[in-house]
Amino acid sequence: MWGAFAEPADSYYQIRPECTDVPNTKFKIKPGKTLSVRKWQAAFTTEGFLDMGKTLNRIQRGGIHPSIRGEVWEFLLGCYDPKSTFEEREQIRQRRRLQYASWKEECKQMFPVIGSGGFITAPVITSKGEPIYDPLVLQETNLGANGSDFFKELASRGPLDQKVIQWLLTLHQIGLDVNRTDRTLVFYEKKENLSKLWDILALYAWIDNDVGYCQGMSDLCSPMIMLLEDEADAFWCFERLMRRLRGNFRDTGRSVGVEAQLTHLASITQIIDPKLHHHLENLGGGDYLFAIRMIMVQFRREFSFCDSLYLWEMMWALEYDPEMYSLYEEPQFEGERTEGSSKGKPKSINQCGKYERENMKNGGKSAEGPLPISVFLVASVLKDKSSKLMTEARGLDDVVKILNDITGNLDAKKACTGAMKLHKKYLKKAKK
């Protein structure tokens, strides 16, 4: 076992043979380092309590075996409490599935394409709530002759609630994004998988009154569909991920939430590498908008599909907070769905990820809470290629090109290690 060769992880996520321009995958399943099925099962007691400390250490050493990735992610993202039993988790799972089914039926009553196996890429109403009789919508959906009846019924409803109008206006944009998401993968050759992704994003847009749907969310949700067979389980995993990231998508009309993280990125670079920061400012990049995609979709487009999943689980393991589950389950967070650091009882440091432990020891938090490791990961990329950026970048287009060339060759584990080192260095310099 220990002397076995590393297994290519790509075999678990089939790439369509005609897609030859996708990034090469660096992540390999390494016996003795990767969290295996055997090690994962051994981490539970007979009652179902999970030793999260050992699990995090294993993930940080070599990632998660693809065959168990989905169920491990549910713990990393706070879907379940490691201190719960098998029976308690099953009860929670069934309750959430019922909640999802209820929401889905509510959405289906408003727009019957939900749950039909189809999806739309053309608008169905105007901004005033008036139906748009687009033949493309009837062609795309499985409603058949009932499609015309739907439009008649929609017109007969009278003035629609503004929330319903806004939601219906969003559905075709979700469809357009779904059509562009991970189409190099064999998995998405099946229309039912595209439809499942569309259904989940449509439901999320309905229940999240503040943020709704924004471009980029399909990149975040797509892996959940592949890793978790049950649609409701995939939805809740995505919903928990959005608890972390939804602030990035919040648009106040004057600014977008991610701009706060870009401001922190600028501050970090200014402290760690003032010459590079000054150079980027001179190029007109002092707002660091060139890095917005990396933070918004968590490097999904900078790595191969397989490597991006490896990077995510490494980041989540490093950031893991054992109180995340109880925080998310508190009633006041159901409506707000905001990010935040846990308060109250002191938490066990042994059950925290390394990055979270560093923040606990050094108080490395901004006024809004702890900075996500992704910000330091971007800063680490900039620091590592500082000389190249300084000598070759003569404009923002050059900066973007250099970063695209760099990230295509990044190693997820090394990138996280570099982010951790930079985080420690930043904390020391920031205290002076």
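What counts as what
Residues numbered from 1 in each chain as written. Predicted model: local features only at pLDDT ≥ 70, side-chain atom pairs only at ≥ 80, totals over all residues. Heavy atoms only, no water. Helix = DSSP H or I, 4+ residues; strand = E, 2+ residues; numbered from the N terminus. Buried < 20%, exposed > 50% of the residue type's maximum accessible area, 1.4 Å probe, protein only. Contact = heavy atoms within 4.5 Å. Areas by Shrake-Rupley, 256 points an atom, 1.4 Å probe, with all protein chains shown as cover. pLDDT = per-residue confidence, 0-100. Salt bridge = Lys/Arg side-chain N within 4 Å of Asp/Glu carboxyl O. Phe/Tyr/Trp six-rings, centres within 6.5 Å; stacked < 30°, edge-to-face > 60°. Axes fitted to C-alpha atoms, helices over the stretch in contact; angles between N-to-C directions. Parallel < 35°, antiparallel > 145°, perpendicular 65-115°, else oblique. Left-handed = near helix turned anticlockwise from the far one by under 90°. Polar contact = N/O pair within 3.5 Å; in protein donor to acceptor, adjacent residues only side chain to side chain.

- The chain goes by Rab-GAP TBC domain-containing protein in an unreviewed UniProt entry, where it is assigned to Capsella rubella.

## What to know about the overall build of the chain
Right, on to step 1. Broken down by element type, the chain carries 21 helices and four strands.
Right, on to step 2. Taken over 432 residues, the chain has a buried fraction of 54%.
Right, on to step 3. Taking the contacts inside the chain whose residues are at least 6 apart along the sequence as the reference set, 73% of them involve residues at least 24 apart.
Right, on to step 4. Approximately 19900 Å² of the chain is accessible, and the part contributed by carbon and sulfur atoms is 51%.

## Regarding the confidence of the model for the chain
Right, on to step 1. For the chain, the mean per-residue pLDDT works out to 85, and 82% of the residues sit at or above 70.
Right, on to step 2. Overall, residues 1-8 carries pLDDT values under 50, and its contacts beyond four positions in sequence, including any with other chains, amount to 14 contacts.
Right, on to step 3. Below a pLDDT of 50 lies the segment residues 332-344, which in the model reaches 30 contacts outside its immediate sequence neighbourhood of four places, other chains included.

## Points about the pattern of salt bridges
Right, on to step 1. A full pass over the atoms with the stated rule returns 24 salt bridges.
Right, on to step 2. Close ionic contact of Asp199 with Lys104 constitutes a salt bridge, the shortest N to O distance being 3.5 Å. Of the two residues, Asp199 sits in helix H8 (residues 191-207) while Lys104 sits in helix H4 (residues 86-110), which places them 95 residues apart along the sequence.
Right, on to step 3. Of the charged contacts in the structure, one is a salt bridge between Arg244 and Glu319, with a shortest N-O distance of 3.0 Å.

## Concerning the packing of aromatic side chains
Each pair of aromatic rings is reported with the distance of its centres and the angle of its planes.
Right, on to step 1. Applying the stated criterion across every chain, the model contains 20 aromatic pairs.
Right, on to step 2. Centroid distance Trp40 to Phe75: 5.7 Å. Interplanar angle 70°. Geometry classified as edge-to-face. Placement of the pair is Trp40 in helix H1 (residues 37-42) and Phe75 in helix H3 (residues 69-76), with a sequence separation of 35 residues. Across the pair, exposure class does not vary: Trp40 and Phe75 are buried alike.
Right, on to step 3. With centroids separated by 4.8 Å and ring planes inclined at 80°, the aromatic side chains of Trp73 and Trp316 adopt a geometry described as edge-to-face.

## Re unusual backbone geometry
Right, on to step 1. We note that Tyr288 has phi near 60°; this positive angle belongs to a residue other than glycine.
Right, on to step 2. Mapped onto the elements, Tyr288 comes out in the loop between helix H12 (274-282) and helix H13 (292-296).
Right, on to step 3. At Phe299, a position not held by glycine, the phi torsion is positive, near 65°.
Right, on to step 4. Following the sequence through the fold, Phe299 ends up in the loop between H13 and helix H14 (305-319).

## Let's talk about the packing of helix H11 (residues 258-272) against helix H18 (residues 373-384)
Right, on to step 1. Their axes nearest at 10 Å, the elements H11 and H18 cross at an angle of 45°. By the angle between their directions, the pair H11 and H18 is classed as oblique. The handedness of the crossing between H11 and H18 comes out as right-handed. In this structure, H11 uses Gln261, His264, Leu265, Ile268, Thr269 and Ile272 to contact H18, whose residues at the interface are Ser374, Val375, Phe376, Val378, Ala379, Leu382 and Lys383.

## Observations regarding the environment of Leu245
Right, on to step 1. Summarising the element assignment, Leu245 is placed in helix H10 (residues 231-249).
Right, on to step 2. Separated by 13 residues in the primary sequence, Leu245 and Val258 have C-alpha atoms spaced 9.0 Å apart.

## Here's the deal with the side chain of Thr170
Right, on to step 1. Along the chain, Thr170 turns up in helix H7 (residues 162-180).
Right, on to step 2. A relative accessible area of 15% means that Thr170 is categorised as buried.
Right, on to step 3. Within the structure, Thr170 has its side chain in polar contact with the backbone oxygen of Gln166 (distance 2.8 Å).

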